[in-house]
Structures are given as structure tokens and as C-alpha cells.
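Fold and geometry: a report
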Amino acid sequence: MEKQREENGRSPRKRIVNILVHVFLAVLAVIWVMPIFWIVLTSFRAEPGAYTSTFLPKAYTLNNYVKLLTDRNVLNFPRMFKNTLIIAICSCCISTSFVLSVSYSLSRMRFKFRKPYMNIAMILGLFPGFLTMITLYFLLKQMGLTQAGAVPGLILIYCASSGMGYYISKGFFDTIPKSLDEAARIDGATRFQIFHRVILPLAKPIVIYTILTAFMAPWGDFVFARFIAFG
């Protein structure tokens, strides 16, 4: 009876806390969505010029999209969109396989240079990628992977160091009991079979997270892609 009274006494307080949390999250969601909403509205704005005095458009039109998709003298958007999509999909597939494989190996296997590799990858991750932009450009230029060959060159660059981003995936794999691996090994499964048939089905959240991050990185990159493609 005393426990029930305590729970009943705390329930109004918990409700208030839940309401405040939901209100706070709703405000954050509105702040996050508003810029996207404004960009979409601006794309349909009929008024000329980049700067306007009103938040909402005074008139709407589809001519902006028609010009973007048809006027190739200004910008060959369909070709650029296709190339970006190809680069993002290919980089996503390769990078995801690299990251998950490296994460599983570091989580389950014990070898001589395991800790030095993890320390080196962590230290190198502290440096921003644009520091190597000029060096990478000249390396790709020597191999003919700039301008006309920028698509395979960008895929190569985006995937080359993807295995260094193992931190989050490895932490997730560490939470999966190793007894599952041992049981599968007793049944005669190989390392690849354990990884493919036992671990990955249990690690769907981190697999989806890795796919999304591996896709968004090349999809949202502009500076480096323009530098390699147009030099």
C-alpha cells in the first residue's frame, strides 16, 4: 500500500516532467525544420533576386525548377545530380562494408597491432580532411582521376580511409555477447558466417546508422568534389 501511495504521489510530477520534455523536444524540432521549410518555400518564390523583404513568397512559380532541369547553358544539373548519386551510392556500399568489417575485427579479434592501429586512427581522426586536399588532388591527377575521371577518383577518396571511422560501430559490437560467436564456432561456422548470419542481424541499428552516414558524407560534399572535378 505504501509503494502504491508513493507511486501515486509521484505520478503528477512525472507527468509534468514528461510534458516539459515533450514541449522542449517540439521546440527543437520546429527550430530544426524551419530552415528546411524556408528553403523549400524560397525555391518556389516568383520574386526575382536572392534577397526579399518577406518570409513567405508573395507569388509561387515552378519556373525555377524548369530552368534548373532544362537550361543546360547555366548549369547541367541533371548530369551533376546523376554523378553525385552514383558517387554517393558506390561510396556508401564500399564504406559500409569497410567500416563494419574493421569494427567487427577490432571488437572480436586480438592481434599484435590492434591497439596501435586504434590509437593511430584516433589521432589521425583529429586532423580535418581538407588539410590533404591539395596532396590528394595531385595524386589523383597523376592517375588521371580528375576532371573527366573525377567520379571514380572521388569514390576512391571517400572509401580509402572509411575504415578509420570504426569507433561507434565497434562500441555497438562490443555490446553483443561473445558467447554467440563461441556457440556458432562450436557448430562449425566460419568467421565470415558468424559475422554475416549472427552478428549483422543483431546489429541492424548500427548498420542503418553506418549506411546513412556513409551516404550523406559524399552526398553533401561540395568543396572537395568541385576541387577534384574542376581543379
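We now turn to the structure provided with this report. (Residues numbered from 1 in each chain as written. Predicted model: local features only at pLDDT ≥ 70, side-chain atom pairs only at ≥ 80, totals over all residues. Heavy atoms only, no water.)

1. Describing the packing of helix 3 (residues 77-108) against helix 7 (residues 167-174)
- Where helix 3 contacts helix 7, the two axes come as close as 8 Å, and the packing angle between them is 50 degrees. Classified by the angle between their axes, helix 3 and helix 7 sit oblique to one another. Judged by the twist between their axes, the crossing of helix 3 over helix 7 is right-handed. Touching Val-99, Leu-100, Ser-103, Tyr-104, Leu-106, Ser-107 and Arg-108 of helix 3 are Ser-169, Lys-170, Phe-173 and Asp-174, all from helix 7.
- Looking at side-chain class alone, the contact of helix 3 with helix 7 contains 5 nonpolar, 3 polar and 3 charged residues. (Axes fitted to C-alpha atoms, helices over the stretch in contact; angles between N-to-C directions. Helix = DSSP H or I, 4+ residues; strand = E, 2+ residues; numbered from the N terminus. Parallel < 35°, antiparallel > 145°, perpendicular 65-115°, else oblique. Left-handed = near helix turned anticlockwise from the far one by under 90°. Contact = heavy atoms within 4.5 Å. Nonpolar A, V, L, I, M, F, W, Y, C, P; charged D, E, K, R; others polar.)

2. Focus: the pattern of salt bridges
- Under the counting rule described, the total for this entry stands at 3 salt bridges.
- Across the pair Arg-45 and Glu-47 runs a salt bridge whose closest N-O atoms are separated by 3.4 Å.
- Note on Arg-45: relative accessible area 5%, which makes it buried.
- The residue Lys-170 makes a salt bridge to Asp-174 at a minimum N-O spacing of 2.9 Å. Of this pair, Lys-170 and Asp-174 both sit in helix 7, 4 residues apart, roughly one helical turn. (Salt bridge = Lys/Arg side-chain N within 4 Å of Asp/Glu carboxyl O. Buried < 20%, exposed > 50% of the residue type's maximum accessible area, 1.4 Å probe, protein only.)

3. So, the environment of Tyr-167
- Tracing the backbone shows Tyr-167 in helix 7.
- Distance from Tyr-167 to Asn-18, taken between C-alpha atoms, is 32 Å for residues 149 residues apart in sequence.
- In contact with Tyr-167, not counting residues within four places along its chain, are Ala-121 and Met-122.
- A distance of 2.9 Å separates a polar atom in the side chain of Tyr-167 from the backbone oxygen of Ala-121.
- A polar side-chain atom of Tyr-167 sits 3.3 Å from the main-chain amide nitrogen of Met-122. (Polar contact = N/O pair within 3.5 Å; in protein donor to acceptor, adjacent residues only side chain to side chain.)

4. Focus on the packing of helix 5 (residues 133-142) against helix 11 (residues 223-230)
- Running from amino to carboxyl end, helix 5 crosses helix 11 at an angle of 35 degrees, the nearest separation of the two axes being 10 Å. When you trace helix 5 past helix 11, the crossing you get is right-handed. Where helix 5 abuts helix 11, its residues Met-133, Ile-134, Leu-136, Tyr-137 and Leu-140 lie against Val-223, Phe-224, Phe-227 and Ile-228.
- Taken together, the residues that form the contact of helix 5 with helix 11 break down as 9 nonpolar, no polar and no charged.

5. With respect to the side chain of Thr-96
- The residue Thr-96 is located in helix 3 in this model.
- The class of Thr-96 is buried, set by a relative accessible area of 9%.
- Within polar-contact distance, the side chain of Thr-96 engages the backbone oxygen of Cys-92 at 2.6 Å.
- Setting aside chain neighbours within four positions, we find Thr-96 in contact with Ser-91, Thr-210, Ile-211 and Ala-214.

6. Comments concerning the nonpolar core
- With 14 residues, the main nonpolar core has Ile-87, Leu-140, Leu-154, Tyr-158, Phe-224 and Ile-228 as its most contacted residues.
- Among the secondary structure elements, those contributing two or more residues to this core are helix 5, helix 6 (150-160) and helix 11.
- Sort the elements by how many residues they give to this core and helix 6 lands first, with 6 residues.
- Contacts of Leu-140, omitting those with residues within four sequence positions, involve Leu-145, Thr-146, Gly-153, Leu-156, Ile-157 and Ile-228.
- The next biggest cluster of nonpolar side chains, apart from the first, holds 12 residues, and it includes Tyr-104, Phe-173, Ile-176 and Ile-206. (Core = buried A, V, L, I, M, F, W, Y, C linked by side-chain atoms within 4.5 Å.)

7. Describing the side chain of Arg-114
- Residue placement: Arg-114 occurs in helix 4 (residues 114-124).
- The side chain of Arg-114 is buried and forms no salt bridge, while Asp-174, the nearest opposite charge, is found at 5.8 Å.
- When near neighbours in sequence (up to four residues on either side) are disregarded, Arg-114 contacts Leu-106, Met-109 and Lys-170. (Lys, Arg positive; Asp, Glu negative; His and termini not counted.)

8. Section: the environment of Met-122
- Locating Met-122 in the fold gives a position in helix 4.
- The exposure class assigned to Met-122 is partly exposed, which follows from its relative accessible area of 47%.
- When the C-alpha positions of Met-122 and Met-164 are compared, they lie 7.8 Å apart, and in sequence the two are 42 residues distant.

Without other data, these values stay purely geometric and don't point to any function.
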